Every structure is written in C-alpha cells, then in structure tokens.
Amino acid sequence: MENESKHRLAVIVGSVREGRFGPVVASWVAEQARSHGGFEVEVVDLAEVELPLALPAMPPKLAGADYPRPAGMAALTAALEAADGFIVVTPEYNHSYPAALKAAIDWHFTQWAAKPVAFVSYGGGAGGRHAVLHLENVFSELHAVTIRDGLAFPNYFTAWRDGRPLSDEPAGYAKTMLDQLAWWSGALRAAREASPYPA
Ligand SMILES: Cc1cc2nc3c(=O)[nH]c(=O)nc-3n(C[C@H](O)[C@H](O)[C@H](O)COP(=O)(O)O)c2cc1C
C-alpha cells in the first residue's frame, strides 16, 4: 500500500510513570501496526508532553481552534489532529487509567470526534480491562468510535520477555484489532471528508 493511501495511526503511550512499562507495549503495538501494512504509524508519548491538569475556562468543544493550549502541547495536538485513528496503550491504576491520559483527552475535542479508537491494556489479573471500560465511556462522549476487539495483557510482568509477549497469540489478536481499526479509519475519514461531522 502506498504511503498516501495508508491510514494515519497514532499509538498513544498512556503512562508517564517513572520506570513505566508502557513504552515496551507501545513499541510492540507499533511494530504490529507497521507490519500490518495498512498504517503510517506515529508513537505519541505523553511523557514528552506539557500536560497541565488546570484547563482554561472554556471547554475545548466550545472554544474550537482558539483553545489556548500550552506551547509544549503543540506536537500532541498536531499528532491527534492528523490521525485517522488511535490505539491507546494504557495500564490500570486503581481500576482506571492514568491521570495524564485523562488530561491529554480533556485538552482536546474535535481531534477525537468521528475517529476510531482501539485499546491495548496491561496490568495485574484483569489485564487493564477496568481502565478500558472507563476509556470506552469517555471516548463515546467525544464522538469517537471505540473498536470492539482490543488486547489485554494480564500479569504482563510474567507474560513478556525482551520487549514482546511470550505467547504468539497476541499477534493474532492484534491483526484482528488492526483490521477493524483500518476499516473504521477509512470509512470515517471518507465520511469526514464528504461532510463535516455535526459534533
Ligand atoms: C497508582 C497505581 C495503581 C495501580 N492499580 C492497579 C490496579 O488497579 N489494577 C492492576 O491490575 N494493576 C494496578 N497497578 C499496577 C500496574 O498495572 C503496574 O504497575 C503497571 O506497570 C503500570 O503501568 P506502567 O508501568 O506503564 O506505569 C497499579 C499501579 C500504580 C502505580
């Protein structure tokens, strides 16, 4: 597939914690997406973004293009704006997802609307599924389309070695997720180009 016909995919590293495992998972996910062939992949690491918790007075939904974001957030905003679809890589913190990820979500609105979002989670016994359930709710408020098939890695500390899962099965699940994400990325991009989404 030529580059211009590929879907632009942002793989978001949702954890910014010191000593985090998130970049290992995100890098493997990005590798799966690149070898899938349907995507032009960018890894977006929230640890590199200026992400204050205090938001401006006006919600981004109402402020539109004039929303006053910090200079250190510009690269994130541009990456989200350009993306046709997203994979959010998230750990589970106290049965939900990290605060930095919520901040990144809340600082934006149109950048998510009418675009597909898939999830890859990891954690203890539940594999981060609680975090994903919360994220699905949040993204539906942002008019995003959540992808049914994602990946969850329970007890990742024993299930991964040298930057990859010990089992071959996750690569198959990743293919299913990426096929669905590619379909929605193309369908929603065409729909957005045909007429502006009425968010
Ligand atoms: C504040 C905090 C809360 C956590 N809560 C959960 C939890 O509710 N469920 C779970 O499976 N793991 C939980 N964990 C363990 C994380 O899944 C594990 O530390 C993982 O490595 C976090 O991802 P990260 O290394 O990318 O930050 C928690 C970790 C932290 C730091």
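Numbering of residues begins from 1 in every chain and follows the order in which that chain's sequence is written. Where totals are concerned, whole chains, interfaces and linings use all residues; where local detail is concerned, this predicted model gives features only for residues with pLDDT of at least 70, and gives and counts side-chain atom pairs only at 80 or more.

The name an unreviewed UniProt entry assigns to the protein is FMN reductase, from the organism Catellatospora bangladeshensis.

### Remarks on the UniProt feature "domain: NADPH-dependent FMN reductase-like" (unreviewed entry) in the protein
Sequence positions flagged by UniProt for "domain: NADPH-dependent FMN reductase-like" (unreviewed entry) are, in local numbering, residues 8-156. Helix and strand labels come from DSSP, where a helix needs a run of H or I of at least four residues and a strand needs a run of E of at least two; each type is numbered from the N terminus. Helix makes up 34% of residues 8-156 and strand 21%, whereas the separation of the span's terminal C-alpha atoms amounts to 28 Å. UniProt positions are given in the numbering used here, feature names are shortened, and annotations may be inferred rather than shown by experiment.

### Focus on the environment of Ser15
Take Ser15: it is sitting in the loop between β1 (7-13) and α1 (22-36). The class for Ser15 is buried, based on 23 C-beta atoms found within 10 Å. When the C-alpha atoms of Ser15 and Leu101 are compared, they prove to be 7.2 Å apart, with 86 residues separating the residues in sequence. Counting other C-beta atoms within 10 Å of its own, a residue is labelled buried from 20 upward, exposed at 12 or fewer, and partly exposed in the gap between, with every C-beta atom placed from the backbone.

### Re helix α5 (residues 129-141)
Multiplying 1.5 Å by the helix residue count minus one yields the expected span of that helix. Look at α5: 19 Å from first C-alpha to last across 13 residues, which is about the 18 Å you get at 1.5 Å a residue. Among all positions of α5, only Ala131, Val132, Leu135 and Phe139 are buried. With its buried residues spanning 90° around the axis, α5 presents them on a single face. Of the exposed residues in α5, the ones pointing more than 90 degrees away from its buried face are Asn137, Ser140 and Glu141. For every residue pair, C-beta atoms are placed from the backbone, and the pair is scored as a contact if these atoms sit within 7 Å. Here the buried face of α5 lies against β3 (85-91), β4 (116-122) and β5 (145-146). With its phi angle positive at about 65°, His143 sits one or two positions after the end of α5. Of all possible arcs, the one meant is that of the directions from the helix axis to the C-beta atoms.

### A closer look at helix α7 (residues 169-194)
Spanning 26 residues, α7 covers 38 Å between terminal C-alpha atoms, matching the ideal 38 Å at 1.5 Å per step. Those residues of α7 that fall on the buried side of the exposure criterion are Pro170, Ala174, Met177, Leu178, Leu181, Ala182, Trp184, Ser185 and Leu188.

### Concerning unusual backbone geometry
Backbone geometry places Asn94, a non-glycine residue, at a positive phi of 45°. With respect to the secondary-structure elements, Asn94 resides in the loop between β3 and α4 (99-106). On the basis of neighbour counts, which here come to 8 C-beta atoms within 10 Å, the residue Asn94 falls in the exposed class. The backbone of Asp162 shows a phi angle near 50°, a positive value even though the residue is not glycine. Among the structural elements, Asp162 can be located in the loop between β7 (160-161) and β8 (164-165).

### Some words on the site of the ligand
Defining nearness, a residue is near a molecule or strand when the C-beta atom obtained from its backbone falls within 6 Å of it. Surrounding the ligand, one finds 13 residues, the nearest of these being Ser15, Gly22, Pro91, Gly123 and Gly124. The residue makeup of the shell around the ligand, split by class, is four nonpolar, six polar and three charged. Think of it as three bins: nonpolar holds Ala, Val, Leu, Ile, Met, Phe, Trp, Tyr, Cys and Pro, charged holds Asp, Glu, Lys and Arg, and polar takes everything else, Gly as well.

### Quick look at the nonpolar core
Buried Ala, Val, Leu, Ile, Met, Phe, Trp, Tyr and Cys residues form a nonpolar core when they are connected through C-beta atoms within 7 Å. Ala10, Val11, Ile12, Val29, Ile87, Val88 and Val89 are the most contacted members of the largest nonpolar core, which totals 49 residues. The leading source of residues in this core is α7, at seven residues. Apart from residues no more than four positions distant in its own chain, Val89 is found in contact with Val11, Ile12, Val13, Gly14, Gly22, Val25, Ala26, Val29 and Val120.

### Re the pairing of strand β2 (residues 39-45)
As paired strands, β1 and β2 are joined by seven bridges and run parallel to one another. Within the sheet, the bridge partner assigned to Arg8 lies in β2 and is Glu40. A right-handed crossover is one whose linking path, passing over the helix from the first strand to the second, runs clockwise when the strands point away from the viewer. Once you follow β1 into α1 and on to β2, the crossover reads as right-handed. At least two bridges found by DSSP between two strands is the condition for calling them paired.

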